[in-house]
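Residue-level listing of the chains:
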Amino acid sequence: MAQLFFKYGAMNSGKTIEILKVAHNYEEQNKPVVLMTSGLDTREGVGNISSRIGLSRPAVPIFSETNIFEFIKSLDYKPYCVLIDESQFLSKEHVLQLAQVVDDLDVPVMAFGLKNDFRNEMFEGSKYLLLYADKLEELKTICWFCHKKATMNLHYIDGRPVYEGDQVQIGGNEAYYPVCRKHYLHPEIKEEN
């Protein structure tokens, strides 16, 4: 029985490497998958899933007008799994389409993404994945400043924390730290030399 999975974690928790590993494991057994990612993430070009350790794969970009259910339904094969990276950027409609892929097409869907933004607010995609997913899994990493589990993303510019601004600000290690609650509220950012 197919299910909708939401695997979430702070920055640097290994979400992208996990999605690439899952795809590899299926494909190694000649079981085709569909890789998709948000069209908003342009760090490595639109339609690319790229990890910080250097692995990358092309993927189908998801834009606001993309109907994921119709796309999967129109394929000339039935995928063994649909894998979604950067799922925090999905809309409520997209999440409902993922549920429809699971329920109507009997294809498992694994969505990977952040739960909360740098303002510590929920992303729309994450909110609805938390509500509609059959299974939730937190991917863990440690705080940049201590040994505790990181649950938040601290945005910084010029060595200073930033707590306001547009929710979608694409970036990686050059702009974000994974942090625990204590260091989100009281960051110990060192001055860059």
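All values reported here derive from a predicted model rather than from experimental measurement.

What counts, and where the lines are drawn
Residues numbered from 1 in each chain as written. Predicted model: local features only at pLDDT ≥ 70, side-chain atom pairs only at ≥ 80, totals over all residues. Heavy atoms only, no water. Pairing = 2+ DSSP bridges. Helix = DSSP H or I, 4+ residues; strand = E, 2+ residues; numbered from the N terminus. Axes fitted to C-alpha atoms, helices over the stretch in contact; angles between N-to-C directions. Buried < 20%, exposed > 50% of the residue type's maximum accessible area, 1.4 Å probe, protein only. Contact = heavy atoms within 4.5 Å. Polar contact = N/O pair within 3.5 Å; in protein donor to acceptor, adjacent residues only side chain to side chain.

Trainee: Please explain the sheet that holds strand β5 (residues 60-62) as it appears in this structure.
Mentor: The strands that make up a sheet are held in pairs by hydrogen bonds between backbone atoms, and each pair lies either parallel or antiparallel. Strand order in the open sheet made by the six strands is β5-β2-β6-β7-β1-β8, with parallel pairing throughout. With partners counted over all chains shown, the strands left at the sheet margins are β5 and β8 (135-138), one partner each. Taking each pair of neighbouring strands and ignoring which way they run, the sheet shows an average axis angle of 20°. Bridge count for strand β2 (residues 33-38) against β5 is three bridges, and the pairing is parallel. Looking across to β5, one finds that methionine 36 is bridged to valine 60.

Trainee: Help me understand helix α4 (residues 124-132) in this model?
Mentor: Helical geometry: 3.6 residues make up each α-helical turn, so side chains three or four residues apart lie on a common side. Looking only at α4, the buried set comprises Gly125, Ser126, Tyr128 and Leu129. Contacts made by the buried residues of α4 are with β1 (4-8), α3 (92-105), β7 (109-113) and β8.

Trainee: Looking at this structure, I do not really get the sheet that holds strand β10 (residues 160-162). What am I missing?
Mentor: Read from one edge of the open sheet, three strands run β10-β9-β11, paired in antiparallel fashion. Looking along the sheet, the strands with just one partner apiece sit at the ends: β10 and β11 (176-179). Neighbour-to-neighbour, the strand axes of this sheet turn through a mean angle of 45°, independent of strand direction. Alignment of strand β9 (residues 152-157) against β11, held across four bridges, turns out to be antiparallel. Paired with methionine 152 across the bridge in β11 is valine 179.

Trainee: So what exactly am I meant to see when it comes to the side chain of asparagine 153 here?
Mentor: Within the secondary structure layout, asparagine 153 lies in strand β9. Side-chain polar atoms of asparagine 153 contact the backbone nitrogen of methionine 11, separated by 2.8 Å. In this structure the side chain of asparagine 153 is engaged in a polar contact, spanning 3.0 Å, whose partner is the backbone oxygen of asparagine 116. Setting aside its immediate chain neighbours within four residues, asparagine 153 contacts Ala10, Met11, Leu114, Asn116, Asp117, Phe118, Tyr176, Tyr177 and Tyr184.

Trainee: Hey, could you run me through the pairing of β1 in this one?
Mentor: On a regular strand, each side chain points to the face opposite its neighbour's, so the side chains alternate between the two faces of the sheet. Of all the five residues making up β1, four are buried; the element is thus mostly covered by neighbouring parts of the structure. Where β1 and β7 come together, five bridges link them in parallel fashion. Residue pairing in the sheet places phenylalanine 5 in a bridge with methionine 110 of β7.

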